[in-house]
Amino acid sequence: MSALVLFGRGRRGLCAAAPAVGIVVGLLALTGPLLAPHPLDTPVTAPYAGPGDGAVLGGDQLGRDVLSRLLHGGDALIAGALVVAVVVTCLASVLGCVAVLAPRLGRLIERTADLVILVPPVLGFMLLALAWPGGRRLAVTAAAVILGTPYAVRVVAAAAAPLAGAGFVEAAVAGGERLWRVALREILPNLRATVLALFGLRFVEAVYVISMAGFLQLGPQPPEADWALMIRENAPGILLNPWSVVAPAAAIAALAIATNLAANTLAPRTRGGAAPRGGDAR
């Protein structure tokens, strides 16, 4: 029993610290270029040299400072993942709520979502990247939005379905409220926990998806500094300088885990007997 108590306390402490960890990682990534000790593309040591006086984390395949490139490589990833998470969450929230209020439109949205979900993500990314040769990061962001929205729509629609027949929603519809106003004013405010959790999951997925695209060189191209690209470039020398691969991989993992735990911690707690609050009750 004591072990379970300690585990529960440790888990709660980890979840409570997650927002701070996520903020620290995000700030380091965004302000990293100002803190980098060396220029981005200037060799400062031998290729794959270990940590030393000139390079705290050693050198990469060209002898460039791993720490400097690590500090330069996170801002674009975080910005891209944030854009994807915001756009997907907003689109899914609106479409999911509308789908449960208009059955015909809802069936069309669900069928379209089912078709897009069947497309393998890697294939979708490759098709869009090849069709948009100069897109790079923009093409990856657009592909992440297109491929991530259908699943998110199904999640929101499933959470909103029990509310579609609630009294305050029927009263709003009977009163002549427009569909989008009912969706945004009556249903969506009761899905705060779902939307916040969905935002966290979409951000984490966007981090992994954009990193995967970078690893496959579908997004950023050398000599750009990017965490996923650093892993790909330095993988052959991992035995010579493990930090050239471990550091960017740990940064991606810390960002994703901290964001997921933070979203879970900040999500409103629902009570079993609590009734949804409609527009008339406010």
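Analysis parameters
Residues numbered from 1 in each chain as written. Predicted model: local features only at pLDDT ≥ 70, side-chain atom pairs only at ≥ 80, totals over all residues. Heavy atoms only, no water. Helix = DSSP H or I, 4+ residues; strand = E, 2+ residues; numbered from the N terminus. Buried < 20%, exposed > 50% of the residue type's maximum accessible area, 1.4 Å probe, protein only. Contact = heavy atoms within 4.5 Å. Areas by Shrake-Rupley, 256 points an atom, 1.4 Å probe, with all protein chains shown as cover. Core = buried A, V, L, I, M, F, W, Y, C linked by side-chain atoms within 4.5 Å. Axes fitted to C-alpha atoms, helices over the stretch in contact; angles between N-to-C directions. Parallel < 35°, antiparallel > 145°, perpendicular 65-115°, else oblique. Nonpolar A, V, L, I, M, F, W, Y, C, P; charged D, E, K, R; others polar. Salt bridge = Lys/Arg side-chain N within 4 Å of Asp/Glu carboxyl O. pLDDT = per-residue confidence, 0-100. Polar contact = N/O pair within 3.5 Å; in protein donor to acceptor, adjacent residues only side chain to side chain. Expected span 1.5 Å × (residues − 1). Bend = angle between axes of the 7 residues up to and from the residue. Left-handed = near helix turned anticlockwise from the far one by under 90°.

## Here's the deal with the overall build of the chain
Turning to step 1, where the next piece is worked out: In terms of helices and strands, the chain carries 11 helices and 0 strands.
Turning to step 2, where the next piece is worked out: Order of helices (α) and strands (β) in the chain, N terminus to C terminus: α-α-α-α-α-α-α-α-α-α-α.
Turning to step 3, where the next piece is worked out: Counting over 282 residues, the chain shows a buried share of 41%.
Turning to step 4, where the next piece is worked out: Sequence separation of 24 or more characterises 71% of the internal contacts of the chain that already satisfy a separation of 6 or more.
Turning to step 5, where the next piece is worked out: Element-wise, carbon and sulfur atoms account for 69% of the exposed surface of the chain, whose accessible area totals about 14700 Å².

## Some remarks on unusual backbone geometry
Turning to step 1, where the next piece is worked out: Even without a glycine there, the phi angle at Tyr 48 is positive, about 60°.
Turning to step 2, where the next piece is worked out: Along the chain, the position of Tyr 48 falls in the loop between helix 1 (2-35) and helix 2 (66-72).

## Digging into the nonpolar core
Turning to step 1, where the next piece is worked out: Counting residues in each nonpolar core, the largest one holds 49 residues, and the members touching the most others are Leu 191 and Trp 227.
Turning to step 2, where the next piece is worked out: Among the elements that make up this core, the one with the highest residue count is helix 3 (residues 75-101) (11 residues).
Turning to step 3, where the next piece is worked out: What Leu 191 contacts, discounting residues up to four positions off in sequence, is Cys 97, Val 156, Ala 159, Ala 160 and Leu 163.

## Concerning the packing of helix 3 against helix 4 (residues 103-117)
Turning to step 1, where the next piece is worked out: Relative orientation of the contacting elements helix 3 and helix 4 amounts to 135°, with a least axis distance of 6 Å. Between helix 3 and helix 4, the interaxial angle falls into the category oblique. Residues Leu 95, Val 98, Ala 99 and Leu 101 of helix 3 touch helix 4, and the partners they reach there are Pro 103, Leu 105, Gly 106 and Ile 109.
Turning to step 2, where the next piece is worked out: Considered class by class, the residues forming the contact of helix 3 with helix 4 number 7 nonpolar, 1 polar and no charged.

## Observations regarding the pattern of salt bridges
A side chain with one charge can pair with a side chain of the opposite charge if their charged atoms come near.
Turning to step 1, where the next piece is worked out: In this structure the tally under the stated criterion is 8 salt bridges.
Turning to step 2, where the next piece is worked out: The residue Arg 202 makes a salt bridge to Glu 205 at a minimum N-O spacing of 2.3 Å. Placement of both Arg 202 and Glu 205 in helix 9 (residues 192-215) is noted, with a separation of 3 residues, approximately one turn of the helix.
Turning to step 3, where the next piece is worked out: Here Arg 202 falls in the buried class, since its relative accessible area comes to 7%.
Turning to step 4, where the next piece is worked out: Through salt bridges that share partners, Asp 41, Asp 60, Arg 64, Arg 69 and Glu 233 make up one connected network.

## Focus: the confidence of the model for the chain
Turning to step 1, where the next piece is worked out: For the chain, per-residue confidence averages 78 on the pLDDT scale, and residues scoring 70 or more make up 79% of the total.
Turning to step 2, where the next piece is worked out: Mean pLDDT per element in the chain: helix 1 is the minimum at 61, and helix 2 is the maximum at 90.
Turning to step 3, where the next piece is worked out: Low pLDDT, under 50, characterises residues 270-275; the stretch is placed with 0 contacts to residues that sit more than four places away or in other chains.

## What to know about the environment of Asp 226
Turning to step 1, where the next piece is worked out: Turning to its location among the elements, Asp 226 is positioned in the loop between helix 9 and helix 10 (227-234).
Turning to step 2, where the next piece is worked out: Once residues within four sequence positions are removed from consideration, Asp 226 is found in contact with Gly 73, Arg 137 and Pro 220.
Turning to step 3, where the next piece is worked out: One polar contact links the side chain of Asp 226 to the main-chain amide nitrogen of Ala 228, over a distance of 3.1 Å.

## Structural notes on helix 6 (residues 137-164)
Within an α-helix, residues lying three or four positions from one another point in the same direction, as the helix has 3.6 residues per turn.
Turning to step 1, where the next piece is worked out: With 28 residues, helix 6 should reach 40 Å at 1.5 Å per residue; the first-to-last C-alpha distance of 39 Å fits that figure.
Turning to step 2, where the next piece is worked out: Taken as a whole, helix 6 carries its principal kink of about 35° at Thr 149; the proline Pro 150 stands between one and four residues after it.

## Comments concerning the packing of helix 6 against helix 9
Turning to step 1, where the next piece is worked out: Remark: helix 6 packs on helix 9, axes separated minimally by 10 Å, with the N-to-C direction vectors making an angle of 155°. In terms of orientation, helix 6 lies roughly antiparallel with respect to helix 9. Note that helix 6 runs across helix 9; the crossing there is right-handed. From helix 6, Val 140, Ala 144, Gly 148, Tyr 151, Ala 152, Val 155, Val 156 and Ala 159 reach across to helix 9, where they touch Thr 194, Leu 198, Arg 202, Val 209, Ile 210 and Ala 213.

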